Amino acid sequence: MQVGTPQHRELFCRTFIETHVAFEPEELPWPHLEGVDLERLRAFPFWRYARSIEQRAGRMVTAFAKTIDDPLIRSAVALQGEEETRHGRLMAHAIERYGIDAPPLTIADAPISPEEFAIFGFGECTDSFVGFGAIALARKMKILPDALLDVFDGVMFEEARHIVFFINWWRYEETRAGRGSILAQAIKALGYHFRAAMGTITGATDLPPMPALDDPELAAIVADVTPALFLETALAENRRMMAKLDARLLKPQVMPAIGTALLIGIRMLPPRVATSEKTPALTDGAQPVESLHARPAATSGQADAA
Ligand SMILES: [Fe+2]
Ligand SMILES: [Fe+2]
């Protein structure tokens, strides 16, 4: 598939539109939760952030779609706006359903331009990579019930579709504007990742600092997640998600490349001497972190067409 051609545009727009799933958040198979599961879910501090960020994404992407001339790209971006808005409603529904204490946050609307959409898109590439790892780790370590994680798996697949659509759109537009050099695009993509990260770090998203985990047992489990375990898990989950989408499409490269490089670097470090004999508090059936860490490592790299 040659990037920047009408066939490329058709493929990335149609793939995105055709993999859209119609549902209402209230109709999803939310499990009944009680006891430690409910306490853990409520202890995660990210709910109010996640809801506000999704709501803002919905407004921004929907508004950006209206500025696009190409009707096919416009309808795909408008659909992404609908999905982001639905993510906001989904978060709001989860907060209400499980009685999570998450007072609304006011987040200013993001500016709307192709440049801002690019910063948003590369930021989503980072957030999705981290989200893939977090959800997969929560499942691996049995931090939350599978039935609940299944619901969030659906959200993560939508994010996977968003970032694959985005990266193809961006490369399509860059190539058509005569900026088709792969090296130049890679350097520019790194710059966008940096700008997106700086926006988050410097509070450009109007977010106050995230509070600590309000659950000592959960905090102990999370504290035992090593960088290598997280990276292995995120890379494996990223490969699984990307494999669900047409192999002819470009796939995000920067985060998997950074993750792989970090993992290789960590593996080259001398092994750490065990510093503690404590065993993380685990629920029934959960595996100790060390045994998870000792699993055969996922292979690095990512098969894709980028
Ligand atoms: Fe979203
Ligand atoms: Fe998204």
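Residues numbered from 1 in each chain as written. Chains lettered and ligands numbered in written order. Predicted model: local features only at pLDDT ≥ 70, side-chain atom pairs only at ≥ 80, totals over all residues. Heavy atoms only, no water.

Phi at Lys 142 takes a positive value of approximately 55°, unusual for a residue other than glycine. Checked against the element boundaries, Lys 142 lands in the loop between helix 5 (114–140) and helix 6 (146–176). Overall, Lys 142 belongs to the partly exposed group, its relative accessible area being 39%. (Helix = DSSP H or I, 4+ residues; strand = E, 2+ residues; numbered from the N terminus. Buried < 20%, exposed > 50% of the residue type's maximum accessible area, 1.4 Å probe, protein only.)

Here the focus is the pattern of salt bridges. One pass over the structure, following the stated rule, counts 15 salt bridges. The closest approach of N and O atoms between Glu 24 and Arg 89, which form a salt bridge, is 2.9 Å. Taken together, the residues Glu 24 in the loop between helix 1 (6–18) and helix 2 (35–43) and Arg 89 in helix 4 (residues 71–97) connect sequence positions 65 residues apart. Glu 174 is the partner of Lys 188 in a salt bridge, and the nearest nitrogen-oxygen pair spans 3.0 Å. Linking Lys 188 in helix 7 (residues 182–201) with Glu 174 in helix 6, this pair joins segments that are 14 residues apart in sequence. (Salt bridge = Lys/Arg side-chain N within 4 Å of Asp/Glu carboxyl O.)

All right, on to the coordination of the iron ion (ligand 2) then. Tetrahedral coordination by four donors puts the ideal angle at the metal at 109.5 degrees, and octahedral coordination by six puts it at 90 or 180 degrees. Taken together, the protein ligands of the iron ion (ligand 2) are Glu 84 (OE), Glu 124 (OE), Glu 159 (OE) and His 162 (ND1), with distances of 1.9 to 2.2 Å. Taken together, the 4 donor atoms surrounding the iron ion (ligand 2) define angles of 88 to 158° at the centre, an arrangement classified as irregular. Within one chain, the residues donating to the iron ion (ligand 2) are spaced in sequence as E-x39-E-x34-E-x2-H. The metal-metal distance between the iron ion (ligand 2) and the iron ion (ligand 1) comes to 3.4 Å, with Glu 84 coordinating both. Note that Glu 124 is positioned in helix 5 and Glu 159 in helix 6, a separation of 35 residues in sequence. You'll find Glu 124 and Glu 159 in the same group, each marked buried. (Donors = N, O, S within 2.8 Å, 3.2 Å for Na, K, Ca; no water. Tetrahedral: all angles 85-135°; square planar, octahedral: opposite > 155°, others 65-115°.)

Turning our eyes to something else, we now look at the packing of helix 3 (residues 47–65) against helix 4. In the contact formed by helix 3 and helix 4, the axes pass within 8 Å of each other and the chain directions differ by 160°. Comparing the axis directions of helix 3 and helix 4 gives the class roughly antiparallel. For the crossing formed where helix 3 meets helix 4, the hand is left-handed. Grouping the amino acids of the contact of helix 3 with helix 4 by side-chain chemistry returns 12 nonpolar, 8 polar and 5 charged. (Axes fitted to C-alpha atoms, helices over the stretch in contact; angles between N-to-C directions. Parallel < 35°, antiparallel > 145°, perpendicular 65-115°, else oblique. Left-handed = near helix turned anticlockwise from the far one by under 90°. Nonpolar A, V, L, I, M, F, W, Y, C, P; charged D, E, K, R; others polar.)

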